[in-house]
Each structure stands twice: as structure tokens, then as C-alpha cells.
Amino acid sequence: MSEALLSVRRLSAGYGATTVVRELDLEVRAGESAVIIGPNGHGKTTLLRALNGLIRPTAGEVLLEGEAIAGRPSEQIARLGAVLVPQGDGLFPEMTVEDNLLMGAFLGQSWRDRRRSLARVYDLFPGVKARADQQARTLSGGERRLTALGRALMRPSKILMIDEPSLGLAPVALDAVYGAIAELKSAKTTILLVEENFTHVGGIADSVHVLEMGSITRSGSYQELSEDEGVVEAYLGSIT
Ligand SMILES: Nc1ncnc2c1ncn2[C@@H]1O[C@H](COP(=O)(O)OP(=O)(O)OP(=O)(O)O)[C@@H](O)[C@H]1O
Ligand SMILES: [Mg+2]
């Protein structure tokens, strides 16, 4: 059995006849924050969908704490402890913030614990608590993103997968969202996060993996990859 909490081996996935993720290998250890960076359209979201059972992998293996999950229905994978914060948040705009949060507690035991989970999320994100009774459509981009993160915390997880948390956010909101992610990291949450570039991940990334054309082309510590000229040129974004 692998020591990794999440172990992905030669995973392929796509849409119909189109292969998007190609024989991808990746390991994430317990307590680690792994960041995947890669250009627009190269398969970051598709990878997270395949890992969470939202699309069916066409080949390869995914082990979560040694248990094979590739090809299982998304609900089963969720019960085993993978939680996805989707790109674009996936909130229900006409529902209140609190009802959106409660959607995260719909599986099994977590429904019974929903009041305690809500209290924890409100404790972590007081700004979300202040909006509890508002419809989600009235929130700012940053508040929406924090609500989506909060919804993911409404049940126990082994790994939190976060799809482009910086997308479309103004600088102040970005700081709030990455501050929240840093708090989750310091609480030893295992995180797999995808972004288009390095710009925002310096404070949280233990390892960085470059995803190009559906495969991981470089992996290393944040330090290593941020010193690699080719990678920096392509992915350092606005830091320079
Ligand atoms: N539902 C779908 N049906 C068919 N093709 C799709 C579908 N979703 C994505 N694709 C295609 O798969 C490829 C990879 O898309 P994906 O969304 O995984 O990229 P990404 O790396 O997440 O990009 P971005 O940075 O824009 O979020 C793209 O060519 C895209 O057009
Ligand atoms: Mg994407």
C-alpha cells in the first residue's frame, strides 16, 4: 500500500472520444498542500472531476488511503472523504447562504452534525455568518468563494480539492480566500488545489505540479519550481 493519502497512477479521462487527462501520475501525502498549475484548457478541472467521480476515468488507478476509487460513483467517493470545491463555486443563487452551506452536509452522518458544522464554519468565516440569511446571488465574489469553501467543510473530509480559488476575485477578496485556505492548511487539512499560475500559492504550497496537455510535466517543492527558469517564465504570473 502507498504511503500517499491520494495516489493517482496513469489516469486518463476526457469527454466522449476526446482524451483530456493523459496517463497522469500524482501523489499527495496526508497533511500536504499540493498545488497543480497549468494553462487554460489543459485539463485541471477535468482531473478534479475524474478524481471525484463526476466523470468516469477511461484508464488508470486512483487510491484514497489505499482504497481504489477510480470509476466509483461520486457519492461513494464523497463518503470516503474526497470533497470538491468546484470552479465557479457551484452555489444555488436563489437559496440562502445557510441553506447552501447545509447542502454540504447532505451525506449520512454529517446531516446529524450539521448544527455543529455550521457553528464551526461561522466561527472560521464570520463574514459568511453575517450573510447567512441572504440569497447567495446577492454575495460578492469573495463571499461566494468563502461560502463554497464553507460548504465543503460541512462534513468530514480526508482531502479537500479546490478548483481555481483565485478565479475572478479582486485583490482584497483574494487575500481573504487565501487566508482561509492558509488556516485550513495550518489545521493540517490535506489539500489539492489547482490554479493557472504561481501568483497566489506561495504561502500555502508544499509541492507544485505542472499540468500541461493533460499530464504532469514537472513536480517539486514550491522552492524548487519557483527557482526553475522555464517554469517561472511560464507560470509566475504577476509576481515579477
Ligand atoms: N463537458 C465537456 N465536454 C467536452 N469537452 C470539455 C468539457 N469540459 C471541458 N472540455 C474540454 O476539455 C479540455 C480541458 O478543460 P478543463 O476545463 O479541464 O481545463 P482547465 O485546465 O480546468 O482550464 P481553465 O483554466 O480554463 O479552468 C478543454 O479543451 C475543454 O474544452
Ligand atoms: Mg478549470
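One can find the structure itself at the top, above this paragraph.
Conventions we followed
Note on numbering: residues in each chain are counted from 1, in written sequence order. Think of it this way: whatever chain is written first is A, whatever ligand is written first is 1, and the rest follow in order. A pLDDT threshold of at least 70 governs which residues receive local features in this predicted model, and a stricter bar of 80 or more applies before side-chain atom pairs are shown or counted, although totals over entire chains, interfaces and linings include all residues. Any residue with 12 or fewer other C-beta atoms within 10 Å of its own C-beta is exposed, any with 20 or more is buried, and the rest are partly exposed; the C-beta atoms used are placed from the backbone. Helix numbers and strand numbers start at the N terminus; a helix is a DSSP run of H or I with at least 4 residues, a strand a run of E with at least 2. Here the arc refers to the set of directions running from the helix axis out to each C-beta atom. Each residue is represented by a C-beta atom placed from its backbone, and any two residues with such atoms within 7 Å are regarded as in contact. Near residues are defined by distance alone, with the backbone-placed C-beta atom required to lie within 6 Å of the molecule or strand. Think of it as three bins: nonpolar holds Ala, Val, Leu, Ile, Met, Phe, Trp, Tyr, Cys and Pro, charged holds Asp, Glu, Lys and Arg, and polar takes everything else, Gly as well. At least two bridges found by DSSP between two strands are what make those strands a pair. All axes are obtained by fitting lines to C-alpha atoms, using only the stretch in contact for helices, and the reported angles, taken between N-to-C directions, cover 0 to 180 degrees. By our criterion, buried Ala, Val, Leu, Ile, Met, Phe, Trp, Tyr and Cys residues that link up through C-beta atoms within 7 Å make up a nonpolar core.

(A) Fine view of helix α5 (residues 114-124). Residues of α5 that are buried: Ser117, Leu118 and Val121. Along the axis of α5, the buried residues cluster in a sector spanning 100°; they form a single face. Those residues of α5 that are exposed and angled more than 90 degrees off the buried face are Arg115, Arg116, Ala119 and Asp123. Structurally, α5 contributes buried residues whose contacts are with α3 (97-103), α4 (109-112), α6 (126-129) and α7 (141-152).

(B) Main features of the site of ligand 1. Around ligand 1, the structure places 13 residues, and the nearest of them are Tyr15, Asn40, Lys44, Thr45 and Thr46. The element contributing the most residues to the shell around ligand 1 is helix α1 (residues 44-51), with three residues. Here the shell around ligand 1 is built from residues that sort into two nonpolar, eight polar and three charged.

(C) Expanded view of the sheet that holds strand β7 (residues 159-163). The strand order β6-β7-β8-β3-β9-β10 describes an open sheet built from six strands, whose pairing is mixed. Strands with a single pairing partner mark the edges of an open sheet, and in this sheet they are β6 (82-85) and β10 (215-221). Direction aside, neighbouring strands of the sheet carry axes that sit 20° apart on average. By the bridge criterion, four bridges tie strand β3 (residues 33-37) to strand β9 (residues 207-212) in an arrangement that is parallel. When the bridges of β9 are listed, Ile37 appears paired with Val210.

(D) Main features of the pairing of β3. Summarising burial for β3: five of the five residues are buried, a large majority. Side chains Ser33, Val35 and Ile37 project from β3 onto one buried face, and the interleaved Ala34 and Ile36 project onto a second face that is buried too. Across five bridges, β3 lies against strand β8 (residues 191-195) in parallel orientation. Along β8, the bridge assignment pairs Ile37 with Glu195.

(E) Summary view of unusual backbone geometry. One non-glycine residue with positive phi stands out, namely Arg10, at about 50°. In this fold, Arg10 is placed in strand β1 (residues 6-15). Looking at Arg10, the number of C-beta atoms within 10 Å reads 13, which means it is partly exposed. Unlike most non-glycine residues, Asp89 shows phi in positive territory, near 75°. Counting through the fold element by element, Asp89 comes out in the loop between β6 and α3.

(F) The nonpolar core, seen in detail. Ranked by size, the top nonpolar core spans 65 residues in total, and within it Val35, Ala82, Val85, Ile159, Leu160, Met161 and Leu192 carry the most contacts. In terms of residue count, strand β2 (residues 18-28) provides more of this core than any other element does, five residues in total.

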